[in-house]
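Summary of structural features
Single-letter residue listing:
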Amino acid sequence: MAPPAEVLAIRGLSKTFPGVRALDGVDLVLRPGEVHALIGENGAGKSTLIKVLTGVYRPDAGTVEFQGRQVSFATPLEAQKAGISTIYQEVNLIPLLSVARNLFLGREPRTRLGLLDFARMNREAEETLRTYGVRVDVRQPLRTLGVGAQQMVALARAVATDARVVIMDEPTSSLEPREVETLFSVIRRLRDAGIAVVYVSHRLDELYAVCETVTVLRDGRRVHHGRLSELSRLDLVSTMLGRELGEVRAEGLTKFSGDHHAADTEPVLEAEGLTVPHKLHGVSVSIRPGEVVGLGGLLGSGRTETAKAISGALPIRSGKVVVAGTSLRGGSTPGAIRAGISLLPEDRKSEGIVPGLSVRENIALAALPRLSRFGMVSEARVDKIVNTFIERLRIKASSPHQKVGELSGGNQQKVLLARWLAMNPKVLLLDEPTRGIDVGAKAEVQKLVDELAEDGLGVLLISSDLEELIEGSDRVVVLKDGAVVGELTGEDVTEDTLMRTIAGDAPATAATKEVATDG
Amino acid sequence: MAEATVRTAAPLDKARILQWLQTYGVYAGVALLLIVNIVITPHFLSAENFRTQAVQVAPVIIVALGMALVIGTEGVDLSVGAVMALAASVLALYLGYGLLPALIAVALFAAVAGLANGALVALLGVQPIVATLALMVGGRGIALVMLPQLEDLHNPSLASLGSGDIVGVPYLILIAAALAVLIAFVVRRTTFGRQLLAIGDSRPAAQLAGLPVRRVLMVVYVVSGLLAAVAGVLATARLQASDPTSLGNLMELSAITAVVVGGTPLTGGRISIGGTVAGAVLIQLLTATLIKHDLPPSWTQIAQAIVIVCAVYAARGRGKR
Ligand SMILES: Nc1ncnc2c1ncn2[C@@H]1O[C@H](COP(=O)(O)OP(=O)(O)OP(=O)(O)O)[C@@H](O)[C@H]1O
Ligand SMILES: [Mg+2]
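What counts and what doesn't
Residues numbered from 1 in each chain as written. Chains lettered and ligands numbered in written order. Predicted model: local features only at pLDDT ≥ 70, side-chain atom pairs only at ≥ 80, totals over all residues. Heavy atoms only, no water. Pairing = 2+ DSSP bridges. Helix = DSSP H or I, 4+ residues; strand = E, 2+ residues; numbered from the N terminus. Axes fitted to C-alpha atoms, helices over the stretch in contact; angles between N-to-C directions. Domains from an automatic or database assignment. Contact = heavy atoms within 4.5 Å. Buried area = accessible area lost by both parts, 1.4 Å probe. Salt bridge = Lys/Arg side-chain N within 4 Å of Asp/Glu carboxyl O. Polar contact = N/O pair within 3.5 Å; in protein donor to acceptor, adjacent residues only side chain to side chain. Nonpolar A, V, L, I, M, F, W, Y, C, P; charged D, E, K, R; others polar. 1 Å grid on protein atoms, 1.4 Å probe; cavity = no way out; pocket = protein on both sides within 12 Å on 5 of 7 lines; lining within 4 Å. Points joined across faces, edges and corners; volume = space filled by probe spheres on them. Phe/Tyr/Trp six-rings, centres within 6.5 Å; stacked < 30°, edge-to-face > 60°.

The name recorded for chain B in an unreviewed UniProt entry is ABC transporter permease, from Streptomyces griseoaurantiacus.

For chain A, an unreviewed UniProt entry supplies the name Sugar ABC transporter ATP-binding protein and the organism Streptomyces griseoaurantiacus.

Written out as structure tokens, the structure is:
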């Protein structure tokens, strides 16, 4: 018998959670060497499909054929041993173990006595990671790495096992353009070795760059499959959202209106000389009401740290933060929040959502004191706010009482945004606000940022998505190694100048100015 | 064959059963024990017997209420038994000034004990089990220094607090019931309750959301200390004697058992006050049943252990698959 043409064949897969039909008879066929895009709105069922396939959840119905045999994995480990290697959407490594241990988890090299061979493990880990452009001390606990670097470790780990199928659920959400390139070259290498890849992403240009075929999910059903090149971007978006082509075209794909009319007034936020040992060296940023200021820079350049220092989540050694004329004492998050600063953190899973509480409780969490009288929560007021934001941000949950931990990644992000918008902040610090959000919702979030700026809010925008950063910001402050290396204004806010400023060879004509950088 | 299609219904049902057990198992257990006792235990169905059982369980319930709050923050308070002893000593020392001043003194001591626990946990970041262990050992020591041996107390108001009643319902039961309702209200309806649960579920997220994490933790440990003191005073009032040597011995374990059996997970973020009360009642009924039928005390411990294992097993199944 000839070997089957397909390495993986999923047929009629269904999965129902209480209140949601997450998958409804989905088919998906993969041939060796095929790079397959799996796309759909937030909550369409992409992650669920992957989890059912790899034994995290059990299907209600359907069959899976892997290398010609019926399979049903009981655990992700079983799937991995059989040859299906997965990078889940939520990085699932072990934060307290060292980077090297994480990389070799479950297949550690042993000495002849059967003990762990740490020397070899560390050496090989370092070598492997260097090919991915990650230079770190592999003996450090994983959690000391940024989210992006952690994602690269997860990638290296998934590829290092002898897999026939590699699944990547939004692998680029925290990566820099340069790392995305590394990732793509890894994918091409896998493809050439005859390994099939399933690629989930909300960034359309990435899909077109590496994927050959596509499956579109909508509300748990497969609504399209075929070659990606035969589908234009607009077609793709309209199938995904289930809206008319004309409608999508009229709305366009990016939602930023462009410049805002930042009042020529006093800044609403002034951060001066923020210094955090080993992380920030005298970073200064100011934001006027109605202005969107972008923070540019590579991974580890101090963008997240700047946002955290401003919001009081990271204690500063020196420097000051002034909000609307009043100076904050550093290191107090409640203080900063009371003054009107809201931070949407980068690491949604561990620092953002409270997974065991409901959508409703999560949205109301920060605003609770305002929604209460004499310490008692006014349920009516909570309901009002919660319903407003569920509608406004189109949060997809089976009910406001569903646990946030059960929502799809993008919807969790929307819940967090709602939490902060409910606070009516003066300054909004957005660290990767559209990470993992589908095109429809992304456009909405961007529109929202615009509207908020229009209403006089000061916004600090951090995004690895250059297009978003450039189009969304009125001004971009560029960081490198924890210090400000330049600022782009007006005409100079382009991807090109940004890249050159980061590289350190901005042309003399550009309106980049050196900002004082002390120790 | 179509393996993937067959192995589906069973595990899902198992998860549902476990979830049901964790939430309602304790009530079912109480109902079952009541029925069994009505059938096999002579004179079980008498007002007098119910009174006795309820009066015995009241202090456990009161301590368990505080413990439930602490466990809801992903902590534990091992010092509750010692605080009961401390309350007994302080009460005996100050009773000469009258009941009210003595009670105020007790409250102050308990609040300081709770503050010490809270400060270690919230400000210094000591693990709750370690932080409260110090007071568990030291607290009883201090109690014994203040009052080295059992002392009979002769105070009419204290005596009536311990054995008086309103239309046949002992004060002890009324107080325990009122406190349970109050704590349930705090957990469900107040800002404090919501914040407490969020902190228990994800402390980093709560911190970044600007919740007053330290203050909430401090208050939780103070409340736990105060409730333990209330239990200590009531138990002392019932005995009409202050007994810092043995009062509240192993109370921390009974309270934790009641909370866990009642469906509150040790991992924090969820609190069932009704379950906690029922958990205390369940353990009480179990003990009483075994004693009534002349089984040795070691059996009671084994039975408790079995109940705990069941509770932990049911908790494990939650939220999976
Ligand atoms: N454990 C769970 N319990 C209940 N419902 C769930 C659970 N996991 C997922 N869901 C629901 O199933 C649906 C599909 O979710 P899924 O995570 O697969 O979406 P997704 O396509 O990966 O979205 P995203 O792009 O946001 O990651 C959603 O409505 C989600 O709320
Ligand atoms: Mg997903």
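**Looking at the sheet that holds strand E19 (residues 427-431) of chain A**
Each strand in a sheet pairs with its neighbour through backbone hydrogen bonds, running either in the same direction (parallel) or in the opposite one (antiparallel). Residues and elements named next belong to chain A. Spatial strand order, E16-E19-E20-E13-E21-E22: six strands in an open sheet with mixed pairing. Each having just a single partner strand, strand E16 (341-344) and strand E22 (483-489) make up the two edges of the open sheet. Geometrically, the sheet is characterised by an average inter-axis angle of 20° between neighbouring strands, direction not taken into account. Across four bridges, the pairing between strand E13 (residues 292-296) and strand E21 (residues 475-480) is parallel.

**Thoughts on the domain arrangement of chain A**
Residues and elements named next belong to chain A. For chain A, the assigned domains are domain 1 (8-251), domain 2 (254-340 + 425-519) and domain 3 (347-424). In this structure, domain 1 and domain 2 have C-alpha centres spaced 31 Å apart. Taken together, the contact pairs 21 residues of domain 1 with 15 residues of domain 2. Here domain 1 meets domain 2 over a buried area of about 1400 Å², counting both sides, of which 53% is carbon and sulfur. If you sort the residues of domain 1 by the area they bury against domain 2, Asn42, Glu176 and His202 come out on top, with a joint share of 31%.

**What to know about the sheet that holds strand E2 (residues 20-30) of chain A**
Residue and element names in this part refer to chain A. In space, the four strands of this open sheet follow the order E2-E1-E4-E5, with antiparallel pairing throughout. Taken across any chain shown, the strands that pair with only one partner, and hence form the sheet edges, are E2 and strand E5 (69-71). Across the sheet, the mean angle separating the axes of adjacent strands is 30° when strand polarity is ignored. The sheet contact formed by strand E1 (residues 8-17) and E2 spans seven bridges and is antiparallel. Bridging from a neighbouring strand, leucine 13 pairs with valine 26 of E2. Against the sheet, helix H1 (residues 46-53) makes contact with E1, E2 and strand E4 (61-66), and its axis sits at roughly 110° relative to E1, the strand it touches most.

**Re the interface of chain B and chain A**
Opposite the 29 residues of chain B that make contact, chain A presents 42 residues. Interface of chain B and chain A: buried area, both sides summed, is about 2800 Å²; carbon and sulfur atoms make up 58% of it. Inspection of the region where chain B meets chain A yields three salt bridges. A:Glu379 is the salt-bridge partner of B:Arg194, the closest N and O atoms lying 2.6 Å from each other. Remark: the boundary between chain B and chain A carries eight residue pairs in polar contact (both at pLDDT 80 or more). Among the secondary structure elements, those contributing two or more residues to the side of chain B that touches chain A are helix H1 (3-6), helix H8 (171-189), helix H9 (191-201) and helix H10 (203-208) of chain B. Take the side of chain B that touches chain A: its biggest share by element is six residues, from H9(B). When its residues are assigned to classes, the side of chain B that touches chain A shows 12 nonpolar, nine polar and eight charged.

**A short note on empty space enclosed by the protein**
Residues and elements named next belong to chain A. Taken as a whole and assessed by the stated rule, the structure comprises four cavities of 30 Å³ or more. Taken together, the residues that form the lining of the largest cavity break down as one nonpolar, eight polar and seven charged. For the lining of the largest cavity, the two domains that each supply at least three residues are domain 1 (8-251) and domain 2 (254-340 + 425-519).

**Some points on the packing of aromatic side chains**
Residues and elements named next belong to chain B. Taken as a whole and judged by the stated rule, the model has four aromatic pairs over all chains. Aromatic pair tryptophan 20 and tyrosine 24: ring centres 5.8 Å apart, planes at 45°, arrangement tilted. A residue pair is termed a helical-turn pair when its members lie 3 or 4 positions apart in one helix, as tryptophan 20 and tyrosine 24 do in helix H2 (residues 9-40) at four residues.

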